[in-house]
Structure formats: structure tokens, C-alpha cells
Amino acid sequence: MIVPHCLLLTFCILFTVIVESNGNQVKITVPNAAGAGLYLGEKGQSCFQTCYQQGLNCNPVIQTKNSPLVFSQFKLSCDYVASNWSSSFEPGYNPSSNMCFGYMNVPAAITCSGANPKIQRVCNCQAPVKGTTTLGTGLSNSYVDGTEQWIFSQVLASGDTGVMSHLWVTYPASDDATMVIRYYVDGEKEASIQFDPSLACGVGFSDDYAPWGTKWFGKGAVFGSWFFNFKIPFTTSIVVTAQLPSIHQNGFYMIVRGSTNTPLIVGDVTMPSNARLNLFVVDKIFKPLDWITLADVPSNTQGYYFQ
């Protein structure tokens, strides 16, 4: 049993990397890859989500040739609206009005994260590509609400490894205590990495002092602008989401970044390829000078105490 302790005066957040002592990777199911091509998502889905559910990745390039034939393979008897592309959830189909629209003058690339709760997006999905590459996406002046918003996903080619290495997010300051970011690692049903951005950066009690930062985390402005660079490794897939408890909130901005097949180095220690990041959160009021357990992990594992 590995039970590190610390002398706690306020609160503490601990990140550790846990590796099974026998070197075996945990087997978690990822969707089987379907055929690459165009898919019509469900209402409210981004193309990240639609493609991930097929075991594929989103390709931001959709070539329509200004023709409604892009919808024909979905066997929709919709009314075609000869409209220019104007929103990140287009080309799309509105089942309520039975209209297919936004297929003319489509940009060379469309963000995969765009979504609208009333619209089914046309998505271009491709098979995972083997090799070393960068990963990520960005949202600008988007929204987040009580529905868990699918921000980013990536499915790896067989034998590849990946690591998410950067998060930046900003939103109205009133949401600091309620915003939840989740990372679903390798197809897990419950997110193993889940946090409020302000607490992940070690800030509580509505402290809006800024700017400040370290190599690992910080705050770039008085309102929001949280960032952290903790490394979150994965071996088959990653999904990143954001959620507020109930209210709809505009003015949401977020960037996530990562890479594939790059060495996983934490501090000055190189981690094994099957290392996993584990988040331990202590949410409790303690008396001054109380001793607490920060992490309690199985005895058949090896860990790296990071923060």
C-alpha cells in the first residue's frame, strides 16, 4: 500500500501517475472502426462525437461542390435550401423543419467541435492515421450548459500512444465554482480526470488575482483564462467534455492540445508508455495542522508522486 501524506493548512489537489507492476495495460473497449466517409450525426452532436462513435476521427474537410447531393446518401426526403455555409454546424439537417441547408460555398475546413441542439451535422469521418502528429481543437465564443458538451476526441491507430498536454479555458467568472471539465481516457465510461479549472490550478475562495502562472498552471486574466499543462496519457482514445450544472452560458472559449507517439516525460522522469494519470481530490474541511491521506493506491502498482 502506497499512502503519501502531507501537512494540510487549506486544501490540496494531487496528480499521480500509476503503472501496473506487471506492465499489463487495462483493456477498455473503444468503438470498432466503421467505413470512412460522410455520416449524419444525431441532433446536437459535434462531428468529434459523431465520428468517435464510429471508431473514426473527424476530418474538417467537407467537399459539397455546392450540390445538395451531399445529403443523398442519408436517404432524407428533405427540402433543400440553397444557402451559403454560415455556421460551424453546417452543412446540416433540421428534422423539425425538414430542411437541408448550408451546403454552398463551404470553407476549405470546418471546425469539428461545432454543434447545435436542433441540427444534425454532416460529418466527414476518417480512419485513425498512424504516426507522430499534433492533436487539438479550439472553441471561440461558444456556449456551455447543463448538457455535457463534447469538446474534442481522438481515436489512435493500433500501436500508437498519445498524450494531452495543454488546456486553456475562459468563461464568465460567475461559473468558476461550477464549471466541470472531463477527460475520458481509453473508452472509459466514467471520466477518471474531472475537475473545476480554478481548483485544478490551486485557486479557491473566488480569488481573481491575475495574471500569474508557473510552468504547469496559471491564470492569464482576472476573468477566467485558466491554463494547465499536466500531461494526460492515453493508448486507444481520448474524449474531452465541458459542462455547467444547469444554466446556458455564452462566452465560452477553450483550447486543448496534445500529440501522438512522443515521449511521456513528467518533470525529469520518463514514464512508461502504459502510464496513466490518476486524479485524487481531497474536498473536506480540516483543522490546522491536521494530517490527511492524499492518495491510496493498490499495492501491486508503482506510482510517481507529482504534485
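A brief structural summary. Model, not experiment: these values are computed from the prediction.

### Considerations on the overall build of the protein chain
Logical step 1: Within the protein chain one finds two helices and 24 strands.
Logical step 2: Counting across all 307 residues of the protein chain, residues that qualify as buried make up 49%.
Logical step 3: At a minimum sequence separation of 6, the contacts of the protein chain that also span at least 24 residues come to 74%.
Logical step 4: With an accessible surface of roughly 15,200 Å², the protein chain has 54% of that area assigned to carbon and sulfur atoms.

### Quick notes on the packing of aromatic side chains
Logical step 1: Enumeration over the complete set of coordinates arrives at 10 aromatic pairs.
Logical step 2: Ring centres 5.6 Å apart and planes at 55° place the aromatic pair Y52 and W150 in the tilted group. With a gap of 98 residues between them, Y52 in helix α1 (residues 47-52) and W150 in strand β10 (residues 149-155) connect regions that are remote in the sequence. Neither Y52 nor W150 differs from the other in exposure class; each is buried.
Logical step 3: Here the aromatic rings of F195 and F228 are separated by 4.9 Å at their centres, their planes lie at 75°, and the arrangement is edge-to-face. You can see F195 sitting in strand β13 (residues 193-195) and its partner F228 sitting in strand β16 (residues 226-228), a full 33 residues away along the chain.
Logical step 4: Feature note: the residues Y183, F195, W212, W216, F217, F228 and F230 constitute an aromatic cluster, connected by ring pairs.
Logical step 5: Taking NZ or CZ as reference, K219 lies 4.1 Å from the ring centre of W226, over its face.

### Some details on the pairing of strand β12 (residues 180-185)
Logical step 1: Burial of β12 is extensive: six of the six residues sit out of reach of the surface.
Logical step 2: Here β12 shows a buried face lined by V180, R182 and Y184 and a second buried face lined by I181, Y183 and V185.
Logical step 3: Where β12 meets strand β18 (residues 237-243), six bridges bridge the pair, whose relative direction is antiparallel. If you follow Y183 over to β18, its bridge partner there is V240.

### Some points on the side chain of T241
Logical step 1: With respect to the helices and strands, T241 occurs in strand β18.
Logical step 2: Of the polar contacts made by the side chain of T241, one reaches the side chain of E148; its length is 2.5 Å.
Logical step 3: T241 has contacts with E148, Q149, W150, I151, V180, I181, R182 and Y184, leaving out every residue within four places of it along the chain.

### As for unusual backbone geometry
Logical step 1: With an omega of -5°, the peptide bond running from E90 to P91 counts as cis.
Logical step 2: With respect to the helices and strands, the residue P91 is situated in the loop between β5 (79-80) and β6 (92-94).
Logical step 3: Cis rather than trans, the peptide bond between A210 and P211 has omega equal to 0°.
Logical step 4: Mapped onto the elements of the fold, P211 is located in the loop between α2 (197-200) and β14 (212-213).
Logical step 5: With phi around 55°, K65 is a residue other than glycine that occupies positive phi space.
Logical step 6: Following the sequence through the fold, K65 ends up in the loop between β4 (57-59) and β5.
Logical step 7: Assessed through its relative accessible area of 77%, K65 is described here as exposed.
Logical step 8: Phi is positive for S225, which is not a glycine, with a value near 60°.

### A short note on the sheet that holds β13
Logical step 1: Pairing is antiparallel in the open sheet, where four strands are placed in the order β10-β18-β12-β13. With partners counted over all chains shown, the strands left at the sheet margins are β10 and β13, one partner each. If you compare each strand with its neighbour and ignore which way they point, the axes differ by 10° on average.
Logical step 2: Bridge count between β12 and β13: three bridges; the pairing is antiparallel. Opposite I181, over in β13, you have F195 as the bridge partner.

### Let's talk about the environment of F71
Logical step 1: Looking at the secondary structure, you find F71 in the loop between β4 and β5.
Logical step 2: Sequence separation between F71 and Y103 is 32 residues; the distance between their C-alpha atoms is 9.1 Å.
Logical step 3: If sequence neighbours within four positions are ignored, F71 has contacts with L76, Y80, P91, G92, Y93, C100, F101, Y103 and V122.

The rules behind the values
- Residues numbered from 1 in each chain as written.
- Predicted model: local features only at pLDDT ≥ 70, side-chain atom pairs only at ≥ 80, totals over all residues.
- Heavy atoms only, no water.
- Helix = DSSP H or I, 4+ residues; strand = E, 2+ residues; numbered from the N terminus.
- Buried < 20%, exposed > 50% of the residue type's maximum accessible area, 1.4 Å probe, protein only.
- Contact = heavy atoms within 4.5 Å.
- Areas by Shrake-Rupley, 256 points an atom, 1.4 Å probe, with all protein chains shown as cover.
- Phe/Tyr/Trp six-rings, centres within 6.5 Å; stacked < 30°, edge-to-face > 60°.
- Lys NZ or Arg CZ within 6 Å of the ring centre and 35° of its normal.
- Pairing = 2+ DSSP bridges.
- Polar contact = N/O pair within 3.5 Å; in protein donor to acceptor, adjacent residues only side chain to side chain.
- Axes fitted to C-alpha atoms, helices over the stretch in contact; angles between N-to-C directions.

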